[in-house]
Amino acid sequence: MPLITYRKALNEAFSEELTRDDSVFLMGEEVAEYNGAYKVTEGLWERFGSKRVIDTPISEAAFLGLGVGAAMMGLRPVVELMFWSFAYVGFDQIINNAGCVRYMSGGLINVPMVIRGPANGGTSVGATHSHTPENLIANTPGLKVVCPATPYDAKGLMIASIRDNDTVCFMENTLLYGNTGEVPEGSYTIPLGVADIKRLGTDISFIAYGRAVLTALEAAEILQAEHGISAEVIDLRSIRPLDEETLLTSVAKTHRVLLIDENKPFCGVSAQIAAMIAEKAFDELDAPILRVTALDAPAIYSMPLEKLQLPTPERIISKALTLF
């Protein structure tokens, strides 16, 4: 399989779906003539034209609402947010409309839309551009949340998301766009709601998603080399739907759990998973469920301090050792 970047993997997914299905179109700020703020949509406007790849005004509320309406009428919009931080001005469209229309219409009207873009800190762009709202979105029944960590997963999950009949909130990480990995040529899908075991282990389960998966893998290697502790690393890939079976199976094998995410701790994704494990696998645990998350403060502008605010291998290893 060829090695390509996370950015290119997403671009291939868009290109293949635009070719396959005439109802698919892309829109967002600077996605067309400028090739995207992060060059994820590079070359697509020249290939598919301005009716399929559409530059929008700087008004998230407006173009998210346009996307909901287009999806209700049978199209499949892929809407880019330059930052997921900007979704808050369109929460009425996302939560009240995209999340509720199918239910409130008795299943008669679907909203097959993908809302995508970066949801992460770590890039020194300040608190108003660094939100990770996956927990907020996942709190709304009717919305799906996907957070891929690798180029392979990014492409397969994006194609599956575009073909899904519900609204999928696809949360990327700016720091992953340049990462490379093996990606098959041609179209393939990864089902939403299926986690992936990125590293087999026997002594402790690291559960993570997004860029935190790579941090967890780095920590797992050090933990093995320096302390002889074997960590299993599970990549959620999608937060809602959540693959509870894979998580519970791992817990039953290792009997120790450390949850790792770049979300804030209060009412965060890891808090939800910790509650699920406590309810469904308490008797399997030999130690408390612990978490390593972003520190509970707005994103710090200072680059050195923001790196410490997010999970690091050192923080993961330190917390993991307390479980033995």
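*Asks:* Which residues make up the overall build of the protein, and what are the values?
*Replies:* Scanning the protein from N- to C-terminus turns up 12 helices and 14 strands. Radius of gyration (C-alpha) of the protein: 19 Å, near the 20 Å computed for a compact globule of 324 residues. In the protein, buried positions account for 56% of the 324 residues. Here the analysis covers contacts within the protein between residues at least 6 apart in sequence; of these, 80% occur between residues at least 24 apart. Carbon and sulfur atoms form 56% of the exposed surface of the protein, whose accessible area is close to 13300 Å². The centroid of the 26 positive side-chain charges in the protein is displaced by 2 Å from the centroid of its 40 negative side-chain charges.

*Asks:* So what about the sheet that holds strand 9 (residues 196–199)? Which residues, and what values?
*Replies:* With respect to topology, 5 strands assemble into an open sheet ordered 9-11-10-13-14, the strand pairing being mixed. At either margin of the open sheet sits one strand with a lone partner, and together these are strand 9 and strand 14 (290–292). Direction aside, the axes of adjacent strands within the sheet are offset by 25° on average. As paired strands, strand 10 (residues 204–208) and strand 13 (residues 257–260) are joined by 3 bridges and run parallel to one another. When the bridges of strand 13 are listed, phenylalanine 206 appears paired with leucine 258. Lying on the sheet, helix 12 (residues 313–321) is in contact with strand 10, strand 13 and strand 14; it crosses strand 14 at an angle near 170°.

*Asks:* Give me the lowdown on the nonpolar core, citing residues and values where you can.
*Replies:* Ranked by size, the top nonpolar core spans 43 residues in total, and within it Trp84, Ile94, Ile137 and Ile277 carry the most contacts. Looking at which domains feed residues into this core, each of domain 1 (3–182) and domain 2 (196–321) gives three or more. Setting aside residues no more than four positions away along its own chain, isoleucine 277 makes contact with Ile207, Leu248, Val251, Val257, Phe282, Leu285 and Ile289. In this structure, Ile4, Ala9, Val53 and Ile162 belong to the second largest nonpolar core, which totals 36 residues.

*Asks:* Could you give an account of a negative patch on the surface, naming the residues involved and the relevant values?
*Replies:* Taken together, Glu30, Glu33, Glu42, Glu46 and Asp55 make up a surface patch of like negative charges. For glutamate 42, the location among the structural elements is in the loop between strand 2 (24–28) and helix 2 (44–48). Since its relative accessible area comes to 47%, glutamate 42 is described here as partly exposed.

*Asks:* Lay out the domain arrangement of the protein with the relevant residues and their values.
*Replies:* Along its sequence, the protein is carved into domain 1 (3–182) and domain 2 (196–321). A straight line from the C-alpha centre of domain 1 to that of domain 2 covers 26 Å. Taken residue by residue, the interface counts 29 residues in domain 1 and 25 residues in domain 2. A combined buried area of about 2000 Å² lies between domain 1 and domain 2, and 56% of that area is made up of carbon and sulfur atoms.

*Asks:* An account of helix 9 (residues 244–254) is needed here, citing residue identities and associated values.
*Replies:* Taken residue by residue, helix 9 has Thr246, Leu247, Ser250, Val251 and Thr254 as its buried positions. Here the buried residues of helix 9 occupy an arc of 135° about the axis, which is enough to place them on one side. Opposite the buried face of helix 9, at more than 90 degrees from it, the exposed residues are Glu245 and Thr249. Buried positions along helix 9 lie against strand 9, strand 10, strand 11 (231–235), strand 13 and helix 10 (269–280). Histidine 255 sits one or two positions beyond helix 9 and adopts a positive phi of about 70°.

*Asks:* Explain the sheet that holds strand 2 residue by residue, including any values.
*Replies:* Spatially, 3-2-4-5-7-6-12 is the arrangement adopted by the 7 strands of the open sheet, whose pairing is mixed. Across the chains shown, the open sheet's two edge strands, defined by having one partner strand only, are strand 3 (53–55) and strand 12 (238–240). Taken pair by pair, the neighbouring strands of this sheet meet at an average axis angle of 20°, ignoring direction. Alignment of strand 2 against strand 3, held across 3 bridges, turns out to be parallel. Its bridge partner lying in strand 3, leucine 26 is registered against valine 53. Along the sheet, helix 1 (residues 6–20) makes contact with strand 2, strand 3, strand 4 (76–80), strand 5 (114–118) and strand 7 (167–172), crossing strand 2 at roughly 135°.

Conventions used here
- Residues numbered from 1 in each chain as written.
- Predicted model: local features only at pLDDT ≥ 70, side-chain atom pairs only at ≥ 80, totals over all residues.
- Heavy atoms only, no water.
- Helix = DSSP H or I, 4+ residues; strand = E, 2+ residues; numbered from the N terminus.
- Rg over C-alpha atoms; globule rule 2.2 N^0.38 Å.
- Buried < 20%, exposed > 50% of the residue type's maximum accessible area, 1.4 Å probe, protein only.
- Contact = heavy atoms within 4.5 Å.
- Areas by Shrake-Rupley, 256 points an atom, 1.4 Å probe, with all protein chains shown as cover.
- Lys, Arg positive; Asp, Glu negative; His and termini not counted.
- Charge placed at Lys NZ, Arg CZ, Asp CG, Glu CD.
- Pairing = 2+ DSSP bridges.
- Axes fitted to C-alpha atoms, helices over the stretch in contact; angles between N-to-C directions.
- Core = buried A, V, L, I, M, F, W, Y, C linked by side-chain atoms within 4.5 Å.
- Domains from an automatic or database assignment.
- Patch = residues over 30% accessible without salt bridge, like charges linked within 9 Å, V, L, I, M, F, W, Y side chains within 5 Å.
- Salt bridge = Lys/Arg side-chain N within 4 Å of Asp/Glu carboxyl O.
- Buried area = accessible area lost by both parts, 1.4 Å probe.
- Arc of directions from axis to C-beta.

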